[in-house]
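# Topology and contacts: notes
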Amino acid sequence: MADEHELAEIQRRHWQTTYTAHPGMYGGQPSAPAVHAAEAFRTAGSVNVLELGAGHGRDALFFAREGFTVQATDFSATGLEQLEDAARAQGVAKRVTTVVHDVRDPLPLEDSSVDAVFAHMLLCMALSTKEIHALADEVRRVLRPGGVFVYTVRHTGDAHYGTGTAHSDDIFEHGGFAVHFFPRDLVDELAEGWTLGEVHAFEEGDLPRRLWRVTQALPR
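Quick caveat, the model's predicted, so the values are computed rather than measured. (Residues numbered from 1 in each chain as written. Predicted model: local features only at pLDDT ≥ 70, side-chain atom pairs only at ≥ 80, totals over all residues. Heavy atoms only, no water.)

### What to know about the packing of helix H2 (residues 32-43) against helix H3 (residues 58-65)
Running from N to C, H2 and H3 cross one another at 35 degrees; their axes reach a closest spacing of 10 Å. For the crossing formed where H2 meets H3, the hand is right-handed. Where H2 abuts H3, its residues Ala34, Val35, Ala37, Ala38 and Phe41 lie against Asp59, Phe62 and Phe63. Counted by class, the contact of H2 with H3 contains 7 nonpolar, no polar and 1 charged residues. (Axes fitted to C-alpha atoms, helices over the stretch in contact; angles between N-to-C directions. Helix = DSSP H or I, 4+ residues; strand = E, 2+ residues; numbered from the N terminus. Left-handed = near helix turned anticlockwise from the far one by under 90°. Contact = heavy atoms within 4.5 Å. Nonpolar A, V, L, I, M, F, W, Y, C, P; charged D, E, K, R; others polar.)

### Concerning the nonpolar core
In terms of nonpolar packing, the biggest core is built from 35 residues, with Leu52, Leu123, Phe149, Tyr151 and Phe182 touching the most fellow members. For this core, the element with the most residues is helix H5 (residues 129-142), which contributes 5 residues. Discounting chain neighbours no more than four positions away, the residues touching Leu52 are Thr73, Leu107, Val117, Phe118, Ala119, His120, Leu122, Leu135 and Val139. Grouped together as the second largest cluster of nonpolar side chains are 25 residues, Phe63, Ala72, Val150 and Ala217 included. (Core = buried A, V, L, I, M, F, W, Y, C linked by side-chain atoms within 4.5 Å. Buried < 20%, exposed > 50% of the residue type's maximum accessible area, 1.4 Å probe, protein only.)

### Let's talk about helix H4 (residues 77-89)
Side chains of residues three or four places apart in an α-helix project in the same direction, reflecting 3.6 residues per turn. For H4, with 13 residues, the first-to-last C-alpha span of 19 Å sits near the 18 Å given by 1.5 Å per residue. For H4, the full list of buried residues reads Thr78, Gly79, Leu80, Gln82, Leu83, Ala86 and Ala87. Of the residues flanking the end of H4, it is Gly91, one or two places downstream, whose phi is positive at about 75 degrees. (Expected span 1.5 Å × (residues − 1).)

### What about the sheet that holds strand E6 (residues 165-166)?
The 3 strands are arranged E6-E7-E8 in an open sheet whose pairing can be described as antiparallel. Looking along the sheet, the strands with just one partner apiece sit at the ends: E6 and strand E8 (177-180). Relative to E8, strand E7 (residues 171-174) is paired through 4 bridges, and the arrangement is antiparallel. When the sheet's bridge partners are listed, Phe172 is paired in E8 with Val179. (Pairing = 2+ DSSP bridges.)

### Overview of the environment of Val148
Turning to its location among the elements, Val148 is positioned in strand E5 (residues 143-154). The class for Val148 is buried, based on a relative accessible area of 8%.

### Quick look at the sheet that holds E5
The sheet built from 7 strands is open, its strands ordered E3-E2-E1-E4-E5-E10-E9 with mixed pairing. With partners counted over all chains shown, the strands left at the sheet margins are strand E3 (96-100) and strand E9 (195-204), one partner each. Going across the sheet, the axis of each strand differs from the next one's by a mean of 15 degrees, ignoring polarity. In this sheet, strand E10 (residues 209-217) lies alongside E5 in antiparallel orientation, the contact comprising 7 bridges. Counted as the bridge partner of Phe149 is Gln216 from E10. Most of the contacts of H4 go to E3, to which it runs at about 170 degrees, and overall it touches strand E2 (69-74) and E3.

### Considering H5
For H5, built from 14 residues, the straight-helix expectation of 20 Å at 1.5 Å per residue is met to within 8% by its first-to-last C-alpha distance of 20 Å. Along H5, the residues that are buried comprise Glu131, Ile132, Leu135, Ala136, Glu138, Val139 and Val142. Taken down its axis, H5 places every buried residue within 155 degrees of arc, on the same side. (Arc of directions from axis to C-beta.)

Spelled out as structure tokens, the structure:
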């Protein structure tokens, strides 16, 4: 079993290889959580959006097409290069910026500098509970008062939970992809000090993967 640092580096290499072998692997249509998030952001009066774990950009590009200014981060340079190429092809390059960034490190943004944050299955990657809490604190730091945070995570009701290669802290690996499966109390812990709007259960993919979509906002 790899330790946290070894697992993080293994996952970085795996995602680089995967994006290289399968460009645009998730297709061009936005995820259902991104469609929900765009409406939540618009209702809150958001203008700029930070997406964590943007990958090759299907959701970041959707936000840009919807008129938002988007800052897209990912630890895969290959995925972000694909995002940039697609942004130019779709005529939204002026509304999209990309930064190669590992969410285990502090976000490269000023305090209270963004209106909204989106993360589809990023928090449930190979992150320890401590790292997840640190990331949530960083999201709180960079969001403006009243800012909205929408994220999705696979949870302990998922069919893959407890199977495959076990790592510490409820992390299990299948097909080279490591996932931290969330218990409900972790969602509640991350919502402390926020206004928790919704925890919506949904399914995605062929297994199907079982997830929660969480919508929460900073008090004004």
